[in-house]
Amino acid sequence: MSESGLHHSRITRTLADDRMIRAFPLPPTSFSRRSMTLFRALVWFGTLLLSMGSARQAAATEPVFEFLRALQDRGYGEAAIEYLKQQQASGRMPPQLAETLDLELSRSYRAAIAEAFNAAEADNRLANARAHLDKFLKEHPDHAEVARAMESWGDIELDQGLEQLRRATASRNAEHEQQLRAAARAHFEQARPRFVDATARYLERYTQLKNAAAAGNPRARASATRQQREAQQAVLDAEFAWLECRFKSAKIDFYTAQSYADHQAPERKAALAAAAKAFDDVFQSYRESLVGLHAHLWHGRAVDELGNNQLALDIYDEVLATAPESRERETGLEPLFALAQYYRLLVIQRSGGAEPFLAEAEPWLELRRAWRSFDGYQGVQLEVARANLERAKELSGSRKSALVQSSLATLAGMARVRSEHQQAAILLRRQFTQADGATTDPATVKTLDEAVALGEAAIENLDWTGAAALFGRALELKPANLDAERLQQLAARFDQARYQVALAQYAQGNLAECLRGAEQILDEHPDAAAAPAAGSLAVSAALSLYARAEDKQAALERLDAIAQKMIDRWPDKAEADDARIALGQASLVRGELSDAVAAFENVNPRSLRYASALYLAGQTNWRLYLVAKAKGDAAADPAARDALRAKAESQLQTSVERQHEAARQDPAAAGPLADAQLLLAEVKLEAGQPQQAAELVEPLAAKIAQGKPKPLDNAQLRTLLASARAQAALEQFDKVATTTNLVCELGDDNSTTNGVLNTMLKLLVDAWKLAEAEQIEAGGSNDAARRSAAATAVNTRRKLVGDLVPRLAERKENTLAALIFVADTAAQLDQRDAARQLYQSILTRGEADAAFQQTNRPALTRIQAQLVGLLRQNGQFNEALSEANKLIEQFPNALEPLMEKGRVLQAWADEEPARFDDAVAHWTMLRTRLVRLPRKPPEYYEVVYNAANCLFSIALKSNDPQKALQSEQLLNATLVLSPKLSGPELVARYKELMRKARQLQGRPADAAANR
């Protein structure tokens, strides 16, 4: 066996052994019948064990305490909490209960953990248990019941740690296994101080009682008074409690070591060394007792795990020295001795190989045939059979045949004995009797145990189809007198396998088969543990079938029937909430958004699905908000619309918080956390909260930047766009550029990605234009630092845009609007060649595609006007004016050619002032045409500015204050009617030109012009 396989089997054996004799020496309520016989074997412990039934009973005999103990012991924690609250509210609480109320509440909350609706509620109840216990300890630090409370608390953590460790050994995912081992270790560390504290308290009590009993009557006889006998019994009880907690503290070190997969880890070795010392300390004090014997065995196991073979052998031999020589009268310790021999022979096998192992193991098996039902004996048999089958590979002829047949006969006998090694024996025998690679045919399986073993092996190999067939076969082979508990276990495994098959079908898109399989479990075994999960899967499959069904009504009826069945059967279970969510999603498919919200909001707040339901409710309310917003203020109530946004924000916020909390408890917890976090960030941006949005979306964007997935999917594109929007709102424009470059690097050249890139580019262009407006305003200031900062901002932002435009210009799969925007930006940056190539590529497409030309005629006309603008920028005024006039003649109602003609005339006039009159006349004509429109286009405000600018230029060249006044009046009248104009940059230009016009008139600059 490989080292890793050996380590895995060791842990499995350790945990399996602990299930059987875990509590040596624990109270009888924790024992199997077999373990109980061990305790009754030694006279020294006999008196103690015969009275253990009453050892842990509460001292109070009042009906209140009897009823409360019954509730707590039976796991009715919620009822116990309610009962205590009723007692407290009644005002008639017994004084003894009033004294220990917080301790009883702590016990009740611990009992209620198992009844918790979900992990969050379980944690809350555990926190309440701790809070009440802490309060009790502060107020009653010396109370006799504190030790038992601390021990019980440690037991909870120990059980949780062992469960995590078992899950870790079964995990096939290395990362998940590591997380489970760490979680187990955390539970063990939580248990350690509880057991240490309880041990110290029990020791103190034991010492006090022993001293008191010795002082009263050191030689209590059969004729002693009842009071004296009770005192002696109290001493034994206290000693037992103290030893028990010592044992548990040592086990914490032992199991902490098992939580390290690496055998050479220093922490593992240190923990095993501590456990070995603790077990040995118990042994040295109780050499002649059962507790000492068992401590010695665990000491051997600890040094065995440390790899100290010789010391482990010596210890196992010392334990076995007390075993009967042959067929003496049974002592009840036989299972313990069998285990000790099993561990001993494993050391021999590991250190010396098969030959010395077989030399001792085979005679021992013959000698101890009466022990064949014990796990230790079965374990030795298994290893002997395995070793002989390995030896047979080196033999031939009759010798090989005899050895194989003998080993297979041994394994066949083991298959009929229920033990921890039964499954391994069946599988090993099957391995040698079935052809390599052959699939097990359930029809060839003849016994129940064989079917179960093969089914379990199929589960370990994740062969769920095979497992379902084999457990189905096991149910066929079950005897009529099979006990109900095992029958229930077989049915549960059968349902588990069938559920996994249905789950795989769902993942593969075989929805109809998935639905049939899941409904079979739900209908055949409605009370089985797998039924709720199967019903939830059936609901999911039915919902998916509804979404793609042609006959919507029939599919909806099927979905409603399954969902309602789930809600009726398990109204308070998470699976019923799956059904409610599915009904809400069906409403979404039908476009009934309000009904969908109502269904999502109907999910129980205690449910594990509540966070997902809130996400869906928030998402749907957000859609309702966007619909209302799209209607415009005239068609929608702004307050109602904003209420939808606020509600969506609140629901998404709670969903994110709940999912984060769940993820902290279980890192593997699944949920739409990233989706909810992203959508909440988008809602925050809409609400004008960029800092909060950035805190939500930046971790998601950072994961993308680190992982560099290629190509980016839609969710990743949304994430990076939201990140860029938040960065822009926070004026982190260098980060916007970095994010945009990341999309360029990772995103495919398609319309979706390029649309996102153009939106990001617009964020930077808007920032550049805003910086130019601020620079214009700063130009009239006497603050040199302000002017310098404004100029730096313009240059920085212009460079960011300029660096990005060539990368976006390379992309082919763009919408027409996006191409035009990139080309316009290139033109504004004086990247004229790039702009001309983009404009020309669009026109070339129009010339080759008549339908494209017809559909996009206004845009193509605008592009032709932009090409005229490029001629103007190059100073080719005559040619530019000629091309503009041609366009105006061809498209007399198009605005862009008229605008470009005015720009040409004005730029020409800047070089030849005599042309200003022509420019003024053109702008005035255009202003007159546009002012009649009920809704002014952005070009109107540019026309006014250009006309005023021409008047000012004439005034400046001719020193004519009247022209300057006309310029001021034109600008001021327009600004009064439309204070925002077409944007902040143009507002700044208006004000700056008004200031210059007043200055030319000899008037001081107005405060309004500098605002």
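Quick caveat: nothing in here was measured; it's all calculated off a predicted structure. (Residues numbered from 1 in each chain as written. Predicted model: local features only at pLDDT ≥ 70, side-chain atom pairs only at ≥ 80, totals over all residues. Heavy atoms only, no water.)

Asker: Go over the overall build of the protein chain with me, naming the residues and quoting the values.
Answerer: The secondary structure content of the protein chain amounts to 47 helices and zero strands. For the protein chain, the residues scored as buried account for 49% of the 1011 residues in total. Sequence separation of 24 or more characterises 63% of the internal contacts of the protein chain that already satisfy a separation of 6 or more. Carbon and sulfur atoms form 50% of the exposed surface of the protein chain, whose accessible area is close to 48900 Å². (Helix = DSSP H or I, 4+ residues; strand = E, 2+ residues; numbered from the N terminus. Buried < 20%, exposed > 50% of the residue type's maximum accessible area, 1.4 Å probe, protein only. Contact = heavy atoms within 4.5 Å. Areas by Shrake-Rupley, 256 points an atom, 1.4 Å probe, with all protein chains shown as cover.)

Asker: Describe in detail unusual backbone geometry, supporting the description with residues and values.
Answerer: Backbone torsion omega between Lys710 and Pro711 reads 0°, so that peptide bond is classified as cis. Assignment of secondary structure puts Pro711 in the loop between helix H32 (690–707) and helix H33 (714–729). Phi is positive for Lys708, which is not a glycine, with a value near 50°. Given a relative accessible area of 42%, Lys708 falls into the partly exposed group.

Asker: Describe the packing of aromatic side chains, with residues and values.
Answerer: Per the stated rule, a full pass over the model turns up 18 aromatic pairs. Between Phe67 and Tyr83 the ring centres are 4.8 Å apart and the planes differ by 75°, which places this aromatic pair in the edge-to-face class. Here Phe67, found in helix H5 (residues 63–73), pairs with Tyr83, found in helix H6 (residues 77–90); they are 16 residues apart in sequence, far enough to count as distant. Accessibility expressed as a relative area gives 42% for Phe67, which makes it partly exposed. Its relative accessible area of 15% is what places Tyr83 among the buried residues. Between Trp364 and Trp371, the aromatic rings sit 6.1 Å apart at their centres with planes inclined by 70°, giving edge-to-face as the arrangement. Site record: aromatic cluster; members linked through ring pairs are Phe188, Phe247, Phe254, Tyr255, Phe279 and Trp298. Against the face of Trp371 rests Arg368, its NZ or CZ located 4.5 Å from the ring centre. Positioned over the ring face of Trp570 is Arg569, at 5.6 Å from the centre of the ring. (Phe/Tyr/Trp six-rings, centres within 6.5 Å; stacked < 30°, edge-to-face > 60°. Lys NZ or Arg CZ within 6 Å of the ring centre and 35° of its normal.)

Asker: Account for helix H45 (residues 961–977), naming residues and giving values.
Answerer: In this model, H45 (17 residues) spans 25 Å end to end at C-alpha, consistent with the 24 Å of a helix rising 1.5 Å per residue. Residues of H45 that are buried sit in contact with helix H43 (916–931), helix H44 (938–958) and helix H46 (984–1000). Between the side-chain oxygen at the start of H45 and the backbone nitrogen of Gln962 there is a gap of 3.0 Å, and the oxygen is on Asp960. (Expected span 1.5 Å × (residues − 1). Polar contact = N/O pair within 3.5 Å; in protein donor to acceptor, adjacent residues only side chain to side chain.)

Asker: Quick one: what's the story with the side chain of Glu896, residue by residue and with numbers?
Answerer: Structurally, Glu896 can be placed in helix H42 (residues 895–911). As a buried residue without a salt bridge, Glu896 has its nearest oppositely charged side chain in Arg862, at a separation of 4.1 Å. When neighbours within four sequence positions are excluded, Glu896 is seen to be in contact with Arg862, Ala865, Gln866, Arg903 and Glu939. (Lys, Arg positive; Asp, Glu negative; His and termini not counted. Salt bridge = Lys/Arg side-chain N within 4 Å of Asp/Glu carboxyl O.)

Asker: Go over the nonpolar core, please, and point to the residues and values.
Answerer: In this structure, Phe188, Phe254, Tyr255, Phe337, Phe357 and Val380 are the most contacted members of the largest nonpolar core, which totals 82 residues. Looking at this core element by element, the count peaks at twelve residues for helix H12 (residues 226–258). If you look at the next biggest cluster of nonpolar residues, it comprises 49 residues, including Leu712, Leu742, Val756 and Ile842. (Core = buried A, V, L, I, M, F, W, Y, C linked by side-chain atoms within 4.5 Å.)

Asker: Explain the packing of H44 against H45 residue by residue, including any values.
Answerer: Here H44 crosses H45 at 165°, and the two axes come no closer than 7 Å. With respect to H45, the element H44 is oriented roughly antiparallel. In the packing of H44 onto H45, the handedness of the crossing is left-handed. Facing H44, whose interface residues are Tyr940, Tyr941, Val944, Tyr945, Ala947, Ala948, Leu951, Phe952, Ile954 and Ala955, H45 presents Lys963, Ala964, Gln966, Ser967, Leu970, Leu971 and Thr974. The residue inventory of the contact of H44 with H45, partitioned by class, reads 13 nonpolar, three polar and one charged. (Axes fitted to C-alpha atoms, helices over the stretch in contact; angles between N-to-C directions. Parallel < 35°, antiparallel > 145°, perpendicular 65-115°, else oblique. Left-handed = near helix turned anticlockwise from the far one by under 90°. Nonpolar A, V, L, I, M, F, W, Y, C, P; charged D, E, K, R; others polar.)

Asker: Mind laying out the confidence of the model for the protein chain, listing which residues take part and the relevant values?
Answerer: Considering every residue of the protein chain, the mean pLDDT works out to 83; 89% of them sit at 70 or more. Here residues 1–61 is a poorly scored stretch, pLDDT under 50, and it has 121 contacts once near neighbours within four places are set aside; other chains count. The model gives residues 1007–1011 a pLDDT under 50, and that stretch makes eight contacts with residues more than four places away or in other chains. (pLDDT = per-residue confidence, 0-100.)

Asker: Describe the environment of Ala948, listing the residues and the values that go with them.
Answerer: Following the sequence through the fold, Ala948 ends up in helix H44. In this structure the C-alpha to C-alpha distance between Ala948 and Lys963, which are 15 residues apart in sequence, comes to 9.1 Å. Ignoring sequence-local partners within four residues, the contact set of Ala948 consists of Ser967, Leu970, Leu971 and Leu993.

Asker: For helix H38 (residues 832–848), give the residues involved together with the corresponding values.
Answerer: For H38, built from 17 residues, the straight-helix expectation of 24 Å at 1.5 Å per residue is met to within 8% by its first-to-last C-alpha distance of 24 Å. Here H38 has its buried residues at Ala835, Leu838, Tyr839, Ile842, Leu843 and Gly846. End-on, the buried residues of H38 take up no more than an arc of 130°, which puts them together on one face. Set apart from the buried face of H38 by more than 90 degrees, the exposed residues are Asp833, Gln837, Glu847 and Ala848. Where H38 is buried, its residues touch helix H36 (784–809), helix H37 (816–828), helix H39 (850–855) and helix H40 (857–873). (Arc of directions from axis to C-beta.)

Asker: Give me the packing of helix H16 (residues 334–352) against helix H17 (residues 354–367): which residues, what numbers.
Answerer: The relative placement of two packed helices is expressed as an angle between their axes plus a distance between the axes. Running from amino to carboxyl end, H16 crosses H17 at an angle of 160°, the nearest separation of the two axes being 7 Å. Relative to H17, the element H16 is oriented roughly antiparallel. In this structure, H16 contributes Ala338, Gln341, Arg344, Leu345, Ile348, Gln349 and Gly352 to the contact, and H17 contributes Ala354, Pro356, Phe357, Glu360, Ala361 and Trp364. Residues belonging to the contact of H16 with H17 are distributed by class as follows: eight nonpolar, three polar and two charged.

Asker: Before we move on, could you go through the pattern of salt bridges and cite the residues and values that matter?
Answerer: One pass over the full model with this rule turns up 50 salt bridges. In this structure, Arg498 and Asp495 form a salt bridge, with 2.8 Å as the shortest nitrogen-oxygen distance. One end of the pair is Arg498 and the other is Asp495, both in helix H23 (residues 484–507) and three residues apart, which spans about a single turn. In this structure, a network of salt bridges that share partners links the residues Glu151, Asp155, Glu244 and Lys248.

Asker: Can you break down the environment of Leu243 residue by residue, with the values?
Answerer: Of note, Leu243 is situated in helix H12. Apart from residues lying up to four places away in sequence, Leu243 is in contact with Tyr286 and Val291.

Asker: Account for a negative patch on the surface, naming residues and giving values.
Answerer: Where like charges cluster on the molecular surface, the negative patch consists of Glu550, Asp551, Glu557 and Asp560. Within the secondary structure layout, Asp551 lies in the loop between helix H25 (531–548) and helix H26 (552–569). A relative accessible area of 49% means that Asp551 is categorised as partly exposed. (Patch = residues over 30% accessible without salt bridge, like charges linked within 9 Å, V, L, I, M, F, W, Y side chains within 5 Å. Charge placed at Lys NZ, Arg CZ, Asp CG, Glu CD.)

Asker: Give me the environment of Glu450: which residues, what numbers.
Answerer: By secondary structure assignment, the location of Glu450 is in helix H21 (residues 448–460). What makes Glu450 buried here is its relative accessible area of 16%. Separated by 20 residues in the primary sequence, Glu450 and Leu470 place their C-alpha atoms 9.2 Å from one another. Residues within four places of Glu450 in sequence aside, it is in contact with Ile426, Arg430 and Val445.

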